[in-house]
Amino acid sequence: LYVRTRPMGAQVSRIGAAPVASPALLPGLPAGSTRISVRLEGYLPVERTVDIKAGEDSVLDLTLQPAPPPRTTGSLRVSTEPAGAEVRIAGQPAQTSPARFDGLTPGTVRITVTKEGFEPLEQSVEVRPGDPTVVPALVLKARPVPTAVPRVATPPLTLPKSLTLPGAGGAL
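Everything in this summary refers to the structure shown in the same document. All of these numbers come straight from a predicted model, not from anything done at the bench.

About the thresholds
- Residues numbered from 1 in each chain as written.
- Predicted model: local features only at pLDDT ≥ 70, side-chain atom pairs only at ≥ 80, totals over all residues.
- Heavy atoms only, no water.
- Pairing = 2+ DSSP bridges.
- Helix = DSSP H or I, 4+ residues; strand = E, 2+ residues; numbered from the N terminus.
- Buried < 20%, exposed > 50% of the residue type's maximum accessible area, 1.4 Å probe, protein only.
- Polar contact = N/O pair within 3.5 Å; in protein donor to acceptor, adjacent residues only side chain to side chain.

A few words on the sheet that holds strand β2 (residues 11-14). Spatially, four strands are ordered β3-β2-β5-β6 in an open sheet, and the strand pairing comes out antiparallel. Single-partner strands in this sheet number two, and they are β3 (20-21) and β6 (46-52). Bridge count between β2 and β3: two bridges; the pairing is antiparallel. In the strand pairing of β3, V12 is matched with V20.

Examined against the element boundaries, S22 turns out to sit in the loop between β3 and β4 (24-25). The exposure class assigned to S22 is buried, which follows from its relative accessible area of 6%. Side chain to side chain, S22 and T5 meet in a polar contact 2.4 Å long.

The two faces of the sheet receive side chains in turn, since in a regular strand these alternate between them. Here strand β7 (residues 59-63) shows one buried face, formed by L60 and L62, and one open face, formed by V59, D61 and T63. Bridge count between strand β1 (residues 2-6) and β7: five bridges; the pairing is parallel. Residue pairing across strands places Y2 opposite V59, the latter belonging to β7.

Following this line, the structure appears as structure tokens:
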């Protein structure tokens with residue numbers, strides 16, 4: 001079997017044999033089906049089953065397809081307890097939880113979460129390229145409700161114009 005690839009230089013192998021660079025001649029293959037594997041960095045791998053006929057030369061021509069570029073951005077999923085909090089990440093529009101931020105540059109980001117009646121929360125999270133980074137539910141603490149001190153209404157104090165003391169013999 002003679003294997004040609006575009007581009008040349010791909011590693012061609014069959015099960016149980018060492019790979020060789022293309023263009024490659026794989027001599028002495030028995031008649032019947034044989035599985036061929038072709039790999040080249042930056043290209044999608046190819047696997048083919050080739051029927052080898054006794055007494056005939058077989059040729060396999062393959063054009064390799066470029067692999068998609070590696071993902072260079074990441075995404076972040078943020079949920080809160082209770083849901084419905086405002087979630088902010090620098091440089092991104094605010095979202096309501098549960099929230100998903102896409103197209104983030106990998107690295108550390110600071111999340112700020114706010115909700116009426118709850119303490120604000122900040123947390124740093126590492127965003128990885130590729131699959132979404134899922135932040136475990138952020139639990140918000142209820143803001144303490146100030147307790148009002150009850151006011152007791154007291155009537156104004158009025159004093160009499162004169163005061164008589166017993167045994168004093170007269171008014172003061």
